[in-house]
2 protein chains.
Amino acid sequence: MAPKKHDNTLFPVVMAGGSGTRFWPLSRHSFPKQFLPLASSKALLTETLERLGNMALPKQCYVVCGKKHLSIARKLLPKVPRGNWLAEPQARNTAPAIALALAHISKKNPEALVAIFPADHHVANPKALRVCLQKAMDLAQQGHIATLGIIPHRPETGFGYIRRGEALGEEGYKVRAFVEKPDEETAQKYLASGEYFWNAGIFVFRADVMLEAFGKHMPEVAQALLRIRSALGKTGAPKVLEREFRKMTATSIDFGVAEKADNMAVVPADIGWHDVGSFQALEEVKPRDDNDNVSCAHTLLEECKGNIFWSKKRLVAALGVENLVVVDTEDVLLVLDKRKCQNVRTLVEKLRQDKKLNPYL
Amino acid sequence: MAPKKHDNTLFPVVMAGGSGTRFWPLSRHSFPKQFLPLASSKALLTETLERLGNMALPKQCYVVCGKKHLSIARKLLPKVPRGNWLAEPQARNTAPAIALALAHISKKNPEALVAIFPADHHVANPKALRVCLQKAMDLAQQGHIATLGIIPHRPETGFGYIRRGEALGEEGYKVRAFVEKPDEETAQKYLASGEYFWNAGIFVFRADVMLEAFGKHMPEVAQALLRIRSALGKTGAPKVLEREFRKMTATSIDFGVAEKADNMAVVPADIGWHDVGSFQALEEVKPRDDNDNVSCAHTLLEECKGNIFWSKKRLVAALGVENLVVVDTEDVLLVLDKRKCQNVRTLVEKLRQDKKLNPYL
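Residues numbered from 1 in each chain as written. Chains lettered and ligands numbered in written order. Predicted model: local features only at pLDDT ≥ 70, side-chain atom pairs only at ≥ 80, totals over all residues. Heavy atoms only, no water.

Caption draft 1: Focus on the overall build of chain A. The helix and strand inventory of chain A stands at eleven helices and 15 strands. A compact globule built from 361 residues should have a C-alpha radius of gyration of about 21 Å, and chain A, at 21 Å, falls within 12% of that. For chain A, the proportion of its 361 residues judged to be buried stands at 56%. For chain A, the computed accessible surface area is about 15,700 Å², with 50% contributed by carbon and sulfur atoms. When the 51 basic and 40 acidic side-chain charges of chain A are each reduced to a single mean position, those positions are 9 Å apart. (Helix = DSSP H or I, 4+ residues; strand = E, 2+ residues; numbered from the N terminus. Rg over C-alpha atoms; globule rule 2.2 N^0.38 Å. Buried < 20%, exposed > 50% of the residue type's maximum accessible area, 1.4 Å probe, protein only. Areas by Shrake-Rupley, 256 points an atom, 1.4 Å probe, with all protein chains shown as cover. Lys, Arg positive; Asp, Glu negative; His and termini not counted. Charge placed at Lys NZ, Arg CZ, Asp CG, Glu CD.)

Okay, here's the thing in structure tokens:
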């Protein structure tokens, strides 16, 4: 593909449709993780756009989220215009969500430069992120679907990896393969090789390039996208959206497009990225005291080590405890062994199964 | 002393002036331990009189407590008449508090049979208590100052002991000595000997007998008592009380009288007594689940063992934790290692020293 000269305006699209369970009871059905100030004093969603700095004006930014979360989400990003808030009729994973945003953006500018961001991650070094995004934009202008590949610093087994192929100038590499979460030994090899990056779900592409990729790898999505786009601004638009959204396969952009497309590029990114995957993440994104306690709360501690405390209202007093996570909310108090952060979902599962406990979901 | 025939009406006096720190944040300056429902659904203070059953009508019952606690305390025992609530001008330990009650009771009946009860203990077997009290009343009618001696079931080093002397019929024994808290080895010997009992602070005596004992061992208390008594019902009474109460030595009835008097008697008591001395006591007075968790709260537990949970309002969810005490109150949340229950006072000390934290005291 020969490089063309395009409009370099970036249209960021934030995927805010998630509804995780690992931050219960902070996160709830009605208030998922991306709305929580987990890494700073601002919600992860708010951080996601603010860290772009001057790269995009609010009127260029789009947010896709669940219908029932729309009103909360809007309060967190008041500058994003009403028309840029896109409510998913149902949660159908990222491919349909991206198609929905593309319908809107490509109607304005069929060759618009689009960047997809998950709403629930943290980036400690936004400046480095912006440098990487600039490279990704350059690759996108050349017709690639670019993704940021996070340079790993540990043999993580919890993420999918991206293997780089041949270099594409100084901007990045062709993608050789997307690979599944590895076991410990494989992860060690990936780390040592320098050829593998973490897949952070950040994609940059031209609208027309992604529409073509949809047409090739998820044709039903491409068709639905075009019908939704044609209806925009007309009286029947909501009904068309409702009907067409349902027709799109509920899958991720990774599985539906990225793993199959032959024009994928990766930009190595060392940006202090963190997926903020469980309460234990707070140890990495929040400051610790001399005894490795993280206090997102007013605390009074005596002989305490390696704990994580979270409370908005109450004083948390602790004496002689180690490696606990203590989360205090209006109606639920959670105390858990820090090593069991991944198992919070078992509690949530119990809440689901017990009707009397449903209100705590 | 020859036995005389006296009026057998019992006047229970509850000592409710305590202000412990080991149940913080449940207990506060303004709401001490005796007002808490630590052993049942009722406050320890309420239990203290209710367990006497038919032995005393409410109009015979007296409660001595701090001025600032009077209004809370009265709500817990609404049947006790207003005139039977005796406010200490200052906290001056049990000897002056008992003298204050004696001033009131002996004015009505100089030979009244009086029983002193701490307000903050638990008795699992009230029926057995009443049998012991009957014996103590018999000994008191004979001119003894009788005390209940709790039959020990373990070599406790945290309590003072009473050593029995010669038998006094079937009711009990003369007291040979009051002895200090022993070390572990000594406590073992006490337990093995069968001659030692725990001092539970329960005393039964005739008003005139105690007045005489005060005259002998704490003459300034006896004089103050008589002046307070003379002023009762007169306009100057509050001023006299204020002035005379201050003159009495601030010491316990144990140290001021019981350890010195030669007419002390002890009634061995196996009544399921518990001093409810710290959060750990809840394990003994409240039911446990199959994993030895005590839940004075609505709980959702997964892989939890040997914990104590207390919350009035919130759901307490816990995962993978052991031997913790978790106490949730309106404004403070406390999490501590169960083995450190005695050290809660170090937290309270810190609150005292930090003006910003004073409101939590």
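Caption draft 2: Spotlight on the relation of the copies chain A and chain B. For the pair chain A and chain B, the best superposition has an RMSD of 0.1 Å and corresponds to a rotation of 180° with a translation of 0.1 Å parallel to the axis. When the rotation and shift are considered jointly, the pair of chain copies conforms to a two-fold rotation axis. The fraction of interface residues of chain A whose copies in chain B are also interface residues reaches 100%, indicating that both copies meet through the same surface. (Least-squares fit on C-alpha atoms with pLDDT ≥ 70 in both. Contact = heavy atoms within 4.5 Å.)

Caption draft 3: Geometry of the state of the cysteines. Residue and element names in this part refer to chain A. For the structure on display, the rule yields zero disulfides over all chains. Sulfur of Cys132: no disulfide; nearest cysteine sulfur belongs to Cys61 and is 19 Å away. Given the relative accessible area of 7%, Cys132 is considered buried. (Disulfide = S-S within 2.5 Å.)

Caption draft 4: Main features of the packing of aromatic side chains. This structure, assessed with the given rule, holds 14 aromatic pairs over all chains. Summarising the aromatic geometry, the rings of Tyr190 of chain A and Tyr196 of chain A are spaced 3.8 Å apart at their centres and angled 10° between planes, so their arrangement reads as stacked. Taken as a pair, Tyr190 of chain A and Tyr196 of chain A share a single burial class, namely buried. The structure contains a cluster of three or more aromatic residues connected by ring pairs, namely Phe159, Trp198 and Trp273 of chain A. Positioned over the ring face of Tyr173 of chain A is Arg164 of chain A, at 4.7 Å from the centre of the ring. We note Lys260 of chain B situated over the ring of Phe255 of chain B; from NZ or CZ to the ring centre the distance is 4.6 Å. (Phe/Tyr/Trp six-rings, centres within 6.5 Å; stacked < 30°, edge-to-face > 60°. Lys NZ or Arg CZ within 6 Å of the ring centre and 35° of its normal.)

Caption draft 5: Structural view of the interface of chain A and chain B. At the junction of the two partners, chain A supplies 35 residues and chain B supplies 35 residues. Counting the surface lost from both chain A and chain B, the interface buries some 3,000 Å², and carbon and sulfur atoms represent 66% of this. It is Arg314, Leu319 and Leu333 of chain A in chain A that bury the most area against chain B; as a group they hold 22% of the surface buried on that side. A salt bridge links Lys340 of chain B to Glu303 of chain A; its shortest N-O distance comes to 2.5 Å. Counting across the chain A and chain B interface gives 20 residue pairs in polar contact (both at pLDDT 80 or more). (Buried area = accessible area lost by both parts, 1.4 Å probe. Salt bridge = Lys/Arg side-chain N within 4 Å of Asp/Glu carboxyl O. Polar contact = N/O pair within 3.5 Å; in protein donor to acceptor, adjacent residues only side chain to side chain.)

Caption draft 6: Highlighting the pattern of salt bridges. All names here are of chain A. Evaluated as defined, the whole model comprises 42 salt bridges over all chains. Note that Lys247 and Glu244 form a salt bridge whose closest N and O atoms lie 3.1 Å from each other. Highlighted residues: Lys247 and Glu244, both in helix H8 (residues 237-247), separated by three residues, approximately one helical turn. In this structure Lys247 comes out as partly exposed when scored by relative accessible area, which is 45%. Members of the salt-bridge network, linked through shared partners, are Arg227, Arg243, Glu244 and Lys247.

Caption draft 7: A look at the environment of Thr186 of chain A. Residue and element names in this part refer to chain A. Structurally, Thr186 can be placed in helix H5 (residues 184-193). Residue classification places Thr186 among the partly exposed positions, given a relative accessible area of 24%. Separated by 29 residues in the primary sequence, Thr186 and Gly215 have C-alpha atoms spaced 35 Å apart. Side-chain polar atoms of Thr186 contact the side chain of Asp183, separated by 2.5 Å.

Caption draft 8: A look at helix H11 (residues 344-353) of chain A. Within H11 of chain A, the full set of buried residues consists of Val344, Leu347, Val348 and Leu351 of chain A. Buried residues of H11 of chain A, viewed axially, fall in a sector of 100°; they line one side. Turning to H11 of chain A, the residues buried within the fold contact strand S15 (332-337) of chain A together with strand S12 (294-302) and strand S13 (308-319) of chain B. (Arc of directions from axis to C-beta.)

Caption draft 9: Seen up close, the packing of helix H3 (residues 94-108) of chain B against helix H7 (residues 219-231) of chain B. Residues and elements named next belong to chain B. Contact pair H3 / H7: the axes reach a minimum separation of 9 Å and the direction vectors enclose 50°. Between H3 and H7, the crossing angle belongs to the class labelled oblique. Crossing of H3 over H7 shows right-handed handedness. In this structure, H3 contributes Ala99, Leu100, Leu102, Ala103, Ser106 and Lys107 to the contact, and H7 contributes Val221, Leu225, Ile228 and Arg229. Of the residues that constitute the contact of H3 with H7, the class distribution is seven nonpolar, one polar and two charged. (Axes fitted to C-alpha atoms, helices over the stretch in contact; angles between N-to-C directions. Parallel < 35°, antiparallel > 145°, perpendicular 65-115°, else oblique. Left-handed = near helix turned anticlockwise from the far one by under 90°. Nonpolar A, V, L, I, M, F, W, Y, C, P; charged D, E, K, R; others polar.)

Caption draft 10: Region of interest: the pairing of strand S10 (residues 264-269) of chain B. Residues and elements named next belong to chain B. Most of S10 is tucked away, with five of its six residues classed as buried. Across six bridges, strand S6 (residues 145-150) lies against S10 in parallel orientation. Across the sheet, residue Leu148 finds its bridge partner in S10, namely Val267. Relative to S10, strand S8 (residues 172-179) is paired through two bridges, and the arrangement is antiparallel. (Pairing = 2+ DSSP bridges.)

Caption draft 11: Spatial organisation of the environment of Ala187 of chain A. Residue and element names in this part refer to chain A. One can find Ala187 in helix H5. Judged by relative accessible area, which is 0%, Ala187 ranks as buried. As for Ala187 and Arg154, which are separated by 33 residues in sequence, their C-alpha atoms are 8.4 Å apart.

Caption draft 12: Main features of helix H6 (residues 207-217) of chain A. Along H6 of chain A, the positions that sit buried rather than exposed are Ala207, Val209, Met210, Leu211, Ala213 and Phe214 of chain A. At its buried positions, H6 of chain A is contacted by helix H3 (94-108), strand S4 (113-118), strand S6 (145-150), strand S9 (196-206), helix H7 (219-231) and helix H9 (253-258) of chain A.

Caption draft 13: View of unusual backbone geometry. A cis geometry characterises the amide bond from Trp24 of chain A onward to Pro25 of chain A, with omega recorded as 5°. Here Pro25 of chain A shows up in the loop between strand S1 (10-15) and helix H1 (44-50). One non-glycine residue, Glu303 of chain A, lies in positive phi territory at about 55°. Of note, Asn93 of chain B is a non-glycine position whose phi angle comes to about 70°, a positive value. Following the sequence through the fold, Asn93 of chain B ends up in the loop between strand S3 (85-88) and H3. Here Asn93 of chain B falls in the partly exposed class, since its relative accessible area comes to 41%.

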